Amino acid sequence: MKIMQNILNSIKPHFEEGGKLHTLYPAYDAFETFLFVPNHTTQSGTHIKDSVDLKRTMVIVIIALLPCLFFGMWNTGYQYHSQLTSDMEGYQSIYSIFDHFLFGFWKVLPLIIVSYVVGLSVEFAFAVQRKHQVNEGYLVTGMLIPLTMPVDVPLWMLALSVIFAVVIGKEVFGGTGMNILNPALTARAFIFFAYPTKMSGDKVWVHGADKIDAITGETALGQLATLTNVDPSNSEIINNYSLFSSDGIYSLYNSFIGTIPGSIGETSVIAILIGAFILVFTGVGSFRIMVSMFFGGLSMAYIFNIVGLENNLFMSLPAIHQLFIGSFLFGMVFMATDPVSAAQTNTGKIIYGFLCGVLSILIRVFNPAYPEGVMVAILFMNVMAPLIDHYVVEANIKKRLKRIKINE
Amino acid sequence: MDVRIYKGANIKIKGVADRVYANISKSSYYAVKPTDFHLLIPKMVVKVGDYVKAGEILFFDKNNDQIKFTSPVSGVVSDIVRGPKRKILKVLVKSDDEIVYKQFEKKSITDIDRSIIVKDMLNGGLWPLIRQRPFATIANPSDKPKSIFISAFDSSPLAPDNDFIFHGDKELFQMGLDIVSKLSEGTTHLNLDGNSNSAQSFRNASGVQINNIYGPHPSGNVGVQIHHIDPINKGDIVWYLSPQDIVMIARFFRDGKYDASKIIALTGSKVKKPRYYRIVQGMSIKSIVDNNLYEGDKRFISGNVLTGTKINEDGYISYYDFQITVIPEGNYSEFFGWLLPGLNKFSLSRTFFSWLSRKKEYDLDSNTHGEERAYVVTGQYESYFPIDVFPVQLVKAVLIEDIELMEKLGIYEVDTEDFALCEYSCTSKVPVQSIIRKGLDLIKKECS
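Residues numbered from 1 in each chain as written. Chains lettered and ligands numbered in written order. Predicted model: local features only at pLDDT ≥ 70, side-chain atom pairs only at ≥ 80, totals over all residues. Heavy atoms only, no water.

A. Region of the structure containing the overall build of chain B. Looking only at helices and strands, one finds 12 helices and 21 strands in chain B. Relative to its length of 448 residues, chain B is compact, with a C-alpha radius of gyration of 22 Å against a globular reference of 22 Å. Considered along the principal axes of its C-alpha atoms, chain B spans approximately 65 × 50 × 50 Å. Out of the 448 residues in chain B, the part that is buried amounts to 61%. Per element, the accessible surface of chain B, about 17900 Å² overall, is 48% carbon and sulfur. (Helix = DSSP H or I, 4+ residues; strand = E, 2+ residues; numbered from the N terminus. Rg over C-alpha atoms; globule rule 2.2 N^0.38 Å. Buried < 20%, exposed > 50% of the residue type's maximum accessible area, 1.4 Å probe, protein only. Areas by Shrake-Rupley, 256 points an atom, 1.4 Å probe, with all protein chains shown as cover.)

What follows is the structure in structure tokens.
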């Protein structure tokens, strides 16, 4: 540690006022504070400060994402290997759990590297140009973006969406803490609308699916989207819907464990719940948003169950099953809770979360063109969040004015 | 009336004072610091070399010449220390061996009314003991406060225990209460710590409304108590004092002299024997910290770790403080400090594994543990802010200097100390207390 400190101290003068590399000071500062929590002491206000800082907070979110990441890696291998062999049981004897993981690891790792390298480069460039410190926000965004992508997304496309998210989603507003939209969702929305063929259909969710014939590489939501506006007596439709029954590939059990095709991080309910527990326990993620969004989604799905139009089988999918598929839970735990783009008041968070949940299911069921309603719903609610907060704060102001009137 | 505070936290810091009085050698220097009084512009009356008795005027308030500041001891004015722009920082008095008091008329409380109390307190230099909300400045003697608040306990970290200090001091305290409650036509509130067995002098007090306050810090903050018992609206004024001030006022009327002695606690993890001391207001802390400290870089604070003022090792205790805290200076770098499990790092959040040991007390230092950032985490201030005001929105209103919005959001109900826990817990390390101070000053300036 001492050696590291000495090296940093010896090169520091070059970056300080008057040094040759002074313009790069933010980059140096980011590196130094990454290695060492600085020796700053309190100058005004409280003499002691809590140990938590933004770096710690971001690290906690990354730790919470690790179960999703590791499961996503395993599932990538599992999905590929299980499609290779026509005999559904056979693959288990050929490939071990470790083989699945290792296969997925080498597929997912490049996405993460590209996301971090490209994103952090843009962040550093902005920091140097604007002479401010490099903020830690991208540490989480850089992990979230690959987890919301299909495994076969071309790396250049990923890079482009990362640049779009960081520049348009965040830096134009002034950087971390100032953005209106969730940057990770901005990246996903960009790639979804710019390159729809790489983000939807039945050929992108399983690695190499476009080269293997006759496989079920469709996501649960993609499958369900085909079940709206149909004749429920058609045998093909009945067959498709049976994929969601207890022995189908999209069964409640499989959705819960996560052994279904989908974006890398979204499939496993168990992994997401572990992440949610870490976020709520440490106080980093808002349980208000998570809980209210869950109930928002659940109530909307129940309403659909009750209404249950005959020619729309999507609506009759059991409510809890509805929430376990797609990226509803992943969005609920990791996207909707982004404190910057969510509502900021405690009451506002409950309203915001509830509406996120309602809209997610509403869009998903009624607009088969966007099977992933969660993304659009959260982005929309990001825009609405300041409005919700405004009315919550107004209510507080009114309460205070009323008190004066009573006194008079 | 019972008030329960749910939002807040007690910081587990080492160094609480033992309930023992320690003897000290007398200090020879005493200071009256105009900087202790917010927004005060002093006008000097004495010069260096003048002799003053205890209770004789040193300077007065330039904006209100009735408010006088008197010497706590008798002796020679040895120095008037000035800072940038010739601002007066402190007036030093070299004390006589035996204090000589200026004689004031003794009064019995039965035959005095409000105007006499005010006049005597102003002349004796006791008036600055009374402060007002909003703004936390010295009360204006011509105002009519709607109520008077006395918080009988201090809930801040390592604060002195008033139940110990007031053990026995019954009659004098009751006499002081009788005098003070004559200052307002409204109610005088004496707020006790509901969680503890308060001293008899508090429990048996009469002529005042006794309220029990339950819950963690900042339940002892007078601002929090006012908010829950008799909230301030625009235009309202509430006066407040601390219990030891009450006793000082009573002594003044009983004995006819300005006896500025008080009891303070020396606390903090860098103190070998944290104890209670009987001192005279404005004393140099040198004589109580000498030979009583552990090695290492230290921070000396007049007051508590959340709201106190940084002073030097030979500095002077501030006018409104009853506590000296000495903690380690945190001027060290820590390798990957943000990534380690952090079993030994206290945090109100559970982001460090220190939550495993709940009862442990921590040796907290003055390191900032990270750099200032834009607001990212939300909901944090709200957990430690037991006032029905939106703290973050108020801070932002101050930052954009929107006075109308500040008023709407309830800035009159808060003071900097109420935001201390928010500032402590802030992930983004935003200097909240100084922002709120700026907002209050701005309003004060616009309104006057």
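B. Summary view of the sheet that holds strand β13 (residues 188–193) of chain B. Residue and element names in this part refer to chain B. With respect to topology, seven strands assemble into an open sheet ordered β1-β14-β13-β12-β15-β10-β11, the strand pairing being mixed. The sheet is open, and its two borders are formed by β1 (2–4) and β11 (137–138), each paired with just one other strand. Relative to β13, strand β12 (residues 147–151) runs parallel, the two sharing four bridges. Among the inter-strand pairings, phenylalanine 149 is bridged to a residue of β13, identified as histidine 189. (Pairing = 2+ DSSP bridges.)

C. Examining the pattern of salt bridges more closely. Residues and elements named next belong to chain B. On inspection of all chains with the given rule, the structure shows 24 salt bridges over all chains. Aspartate 415 is the partner of arginine 133 in a salt bridge, and the nearest nitrogen-oxygen pair spans 3.7 Å. One end of the pair, arginine 133, is in strand β10 (residues 131–133); the other, aspartate 415, is in the loop between α10 (403–409) and α11 (420–425), with 282 residues separating them in the sequence. Each member of the pair arginine 133 and aspartate 415 is classed as buried. For arginine 251, the salt bridge is made with aspartate 259, and the minimal N-O distance between the two is 3.4 Å. According to the relative accessible area criterion, arginine 251 is buried, its value standing at 13%. When salt bridges with common partners are traced through the structure, they connect Arg133, Asp415, Glu417, Arg437 and Asp441 into a single cluster. (Salt bridge = Lys/Arg side-chain N within 4 Å of Asp/Glu carboxyl O.)

D. View of the packing of helix α12 (residues 269–282) of chain A against helix α15 (residues 328–335) of chain A. All names here are of chain A. As a packed pair, α12 and α15 sit with axes 10 Å apart at the nearest point and diverge in direction by 15°. In terms of axis orientation, α12 runs roughly parallel to α15. Taken as a pair, α12 and α15 cross one another with a handedness that is left-handed. The residues of α15 that touch α12, namely those facing Val269, Ile272, Gly275, Ala276 and Leu279, are Leu329, Phe330, Val333 and Phe334. Tallied by class, the residues present in the contact of α12 with α15 amount to eight nonpolar, one polar and no charged. (Axes fitted to C-alpha atoms, helices over the stretch in contact; angles between N-to-C directions. Parallel < 35°, antiparallel > 145°, perpendicular 65-115°, else oblique. Left-handed = near helix turned anticlockwise from the far one by under 90°. Contact = heavy atoms within 4.5 Å. Nonpolar A, V, L, I, M, F, W, Y, C, P; charged D, E, K, R; others polar.)

E. Local environment of the nonpolar core. All names here are of chain A. Membership of the largest hydrophobic core comes to 143 residues, with the highest contact counts inside it found for Phe334 and Tyr352. For this core, the leading source of residues is helix α3 (residues 54–84), giving 13 residues. In this view, tyrosine 352 contacts Ile289, Ala336, Ser341, Ala342, Ala343, Ile378, Met381, Asn382, Ala385 and Ile388; residues no more than four positions away in its chain are not counted. (Core = buried A, V, L, I, M, F, W, Y, C linked by side-chain atoms within 4.5 Å.)

F. Quick look at the state of the cysteines. Residues and elements named next belong to chain A. Scanning all chains against the criterion turns up zero disulfides over all chains. No disulfide involves cysteine 68; its nearest neighbouring cysteine sulfur is the one of cysteine 356, lying 18 Å away. Accessibility expressed as a relative area gives 2% for cysteine 68, which makes it buried. A relative accessible area of 0% means that cysteine 356 is categorised as buried. (Disulfide = S-S within 2.5 Å.)

G. Just the environment of alanine 159 of chain A, in detail. Tracing the backbone through its elements, the reader meets alanine 159 of chain A in helix α7 (residues 155–170). Contacts of alanine 159 of chain A, omitting those with residues within four sequence positions, involve Val114 and Val118 of chain A.

H. Here's a closer look at the side chain of asparagine 221 of chain B. On the secondary structure map, asparagine 221 of chain B appears in the loop between β14 (209–214) and α5 (222–229). Look past the residues within four positions of asparagine 221 of chain B in its chain and what remains in contact with it is Ser155, Glu417 and Asp418 of chain B.

I. How the structure looks around the packing of aromatic side chains. Inspection of the entire model under this criterion finds 43 aromatic pairs over all chains. For the pair phenylalanine 166 of chain B and phenylalanine 173 of chain B, a centre-to-centre distance of 5.3 Å together with 75° between the ring planes defines the contact as edge-to-face. An angle of 40° between the planes, with centres 4.6 Å apart, marks the rings of phenylalanine 385 of chain B and phenylalanine 419 of chain B as tilted. Of the two residues, phenylalanine 385 of chain B sits in the loop between α8 (380–383) and α9 (391–399) while phenylalanine 419 of chain B sits in the loop between α10 and α11, which places them 34 residues apart along the sequence. On the basis of relative accessible area, phenylalanine 385 of chain B is assigned to the buried category, the value being 1%. An aromatic cluster of three or more residues is present, and its members are Phe34 and Phe36 of chain A together with Phe335, Phe336 and Trp338 of chain B. In this structure, arginine 4 of chain B packs its charged tip against the face of tyrosine 214 of chain B, placed 4.2 Å from the ring centre. For the cation-ring pair, arginine 131 of chain B lies above tyrosine 320 of chain B, with the distance from its terminal atom to the ring centre recorded as 3.6 Å. (Phe/Tyr/Trp six-rings, centres within 6.5 Å; stacked < 30°, edge-to-face > 60°. Lys NZ or Arg CZ within 6 Å of the ring centre and 35° of its normal.)

J. The confidence of the model for chain A, seen in detail. Across chain A, pLDDT averages 86, with 95% of residues at or above 70. Here helix α4 (residues 91–94) of chain A is the element of chain A with the lowest mean pLDDT, 62, and α12 of chain A is the one with the highest, 95. (pLDDT = per-residue confidence, 0-100.)

K. Focus on the sheet that holds strand β8 (residues 75–82) of chain B. All names here are of chain B. An order of β3-β9-β8-β5 is seen for the four strands of this open sheet, with the pairing classed as antiparallel. With one partner strand each, in any of the chains shown, β3 (29–32) and β5 (51–52) form the two edges of the open sheet. Across two bridges, the pairing between β5 and β8 is antiparallel. Counterpart to tyrosine 51 in the pairing with β8 is valine 76.

L. Molecular detail of a nonpolar patch on the surface. Residues and elements named next belong to chain A. Taken together, Val280, Phe287, Val291, Phe295, Ile351, Phe354 and Leu355 make up a surface patch of nonpolar side chains, about 580 Å² in accessible area. Along the polypeptide, phenylalanine 295 turns up in helix α13 (residues 287–307). Given the relative accessible area of 46%, phenylalanine 295 is considered partly exposed. (Patch = residues over 30% accessible without salt bridge, like charges linked within 9 Å, V, L, I, M, F, W, Y side chains within 5 Å.)

M. Broad picture of the interface of chain B and chain A. Each partner contributes residues to the interface: chain B has 73 residues there, and chain A has 57 residues. Carbon and sulfur atoms make up 56% of the area that chain B and chain A hide from each other, which totals about 5900 Å². At the surface where chain B touches chain A, the tally comes to five salt bridges. In this structure, the salt-bridge partner of glutamate 423 of chain B is lysine 49 of chain A, at a minimum N-O distance of 3.7 Å. At the junction of chain B and chain A, the tally comes to 37 residue pairs in polar contact (both at pLDDT 80 or more). Looking at which element gives the most residues to the side of chain B that touches chain A, the answer is α11 of chain B, with four residues. The residue inventory of the side of chain B that touches chain A, partitioned by class, reads 31 nonpolar, 25 polar and 17 charged. (Buried area = accessible area lost by both parts, 1.4 Å probe. Polar contact = N/O pair within 3.5 Å; in protein donor to acceptor, adjacent residues only side chain to side chain.)

N. Representation of the domain arrangement of chain B in the model. By the assigned domains, chain B splits into domain 1 (2–12 + 105–255), domain 2 (26–95), domain 3 (262–343) and domain 4 (380–447). One C-alpha centre belongs to domain 3 of chain B, the other to domain 4 of chain B; they are set 27 Å apart. (Domains from an automatic or database assignment.)

O. Structural view of the environment of phenylalanine 166 of chain B. Among the structural elements, phenylalanine 166 of chain B can be located in the loop between α2 (162–165) and α3 (170–181). When neighbours within four sequence positions are excluded, phenylalanine 166 of chain B is seen to be in contact with Phe173, Ala199, Ser201, Phe202, Pro243, Gln244 and Val247 of chain B.

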